[in-house]
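Single-letter residue listing:
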Amino acid sequence: RQAGIIGESVRLRLDLADSEAALRDREARYRLIFQSVPLGIFSFDRETTITDCNEEFADILAAPRERLLGLNMARDLRDQNVKTAVERCLRHGSGEYEGDYEPVVGTRTTPVRALFRALRGDDGNPVGGVAVVEDCSERRRAAAIIEHQAHYDPLTDLPNRRLLLTRMEEVLKARQADGGKAGLVFLDLDHFKRINDSLGHAVGDELLSAVATRLAGTLRAPDMAARLSGDEFVALVQRLGDSDTSAMSQLEELGNRIIDRLGAPYQVGGQ
């Protein structure tokens, strides 16, 4: 009987040791995933105090991890939208925030997207929550590049035909509303084909870029220079007074300034 009791005790101790080893293994795996996942993760309690976070989250906010731990979001954060997302998470089970987060701990404002999920106890009531945070800086830069490429000429960086038409519609509505005048100046470069044929397209492109710079510098804000195609350009003048006579006079004056500015010699490709 004693041998049986001792054997059972040993078996229970071995099972307990195995369970503890398995628990330590699971905890080690959890910590490895927690720290290695390429997203910011943090947990918080029912009072919205941050209880844990990974290094990625600290990197996103450019803040020391030890200063983030213990931060009470309901009390300390400036952004009411983040507070609302956390409160919604604890009340309804989930919350979401996307925007330029202004930190109370950290050195830079960061565009982020955060998803909050509540953690519930055995009674079904929330005991805290967990959040996944994504840095949207790269995505925003990519979107800005795509947006720029869609509306600006790749050679001269002037607005292209699409942006010109959009801006013309806006200006037309504004002038219809206030009864004022706007105007367009169309221009192209005489004998530009000779440059391309004799000196090459690289020199021609350099000349077009120089022309675009001079044209844009001739206009006053908020007027706009655009490149239609090839050697064709447009100047959109958004406000020219209320009368046709005054508008035409101002356009003629602008046309003369453009001719003088663009007609001055260029140094391009050693020519």
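Up top you'll find the structure we're talking about.
What this report covers is the structure whose coordinates are included nearby. (Residues numbered from 1 in each chain as written. Predicted model: local features only at pLDDT ≥ 70, side-chain atom pairs only at ≥ 80, totals over all residues. Heavy atoms only, no water.)

### Examining the pairing of strand S4 (residues 110-120)
With eight bridges connecting them, strand S3 (residues 94-101) and S4 associate as antiparallel partners. Considered in S4, the bridge of Tyr-97 is made with Ala-114. Relative to strand S5 (residues 126-135), S4 runs antiparallel, the two being bridged by nine bridges. Looking at S5, one finds that Leu-115 is bridged to Val-132. Where S4 hands over to S5, the hairpin turn is made up of five residues, of which Gly-124 adopts a positive phi near 90°. (Pairing = 2+ DSSP bridges. Helix = DSSP H or I, 4+ residues; strand = E, 2+ residues; numbered from the N terminus.)

### Regarding the packing of helix H8 (residues 192-199) against helix H9 (residues 201-218)
Axis separation between H8 and H9 bottoms out at 6 Å; the angle between their running directions is 140°. Taken together, the axis directions place H8 and H9 in an arrangement best described as oblique. Touching Phe-192, Ile-195, Asn-196 and Leu-199 of H8 are His-201, Val-203, Gly-204, Leu-207 and Leu-208, all from H9. (Axes fitted to C-alpha atoms, helices over the stretch in contact; angles between N-to-C directions. Parallel < 35°, antiparallel > 145°, perpendicular 65-115°, else oblique. Contact = heavy atoms within 4.5 Å.)

### Digging into the environment of Tyr-152
Within the secondary structure, Tyr-152 is located in the loop between helix H6 (137-151) and helix H7 (161-178). For Tyr-152, a relative accessible area of 27% translates into the label partly exposed. The spacing of Tyr-152 and Leu-163 is eleven residues in sequence and 7.4 Å in space, taken between C-alpha atoms. Excluding residues that lie within four positions of it along the chain, Tyr-152 makes contacts with Asp-157, Leu-158, Pro-159, Asn-160 and Leu-163. (Buried < 20%, exposed > 50% of the residue type's maximum accessible area, 1.4 Å probe, protein only.)

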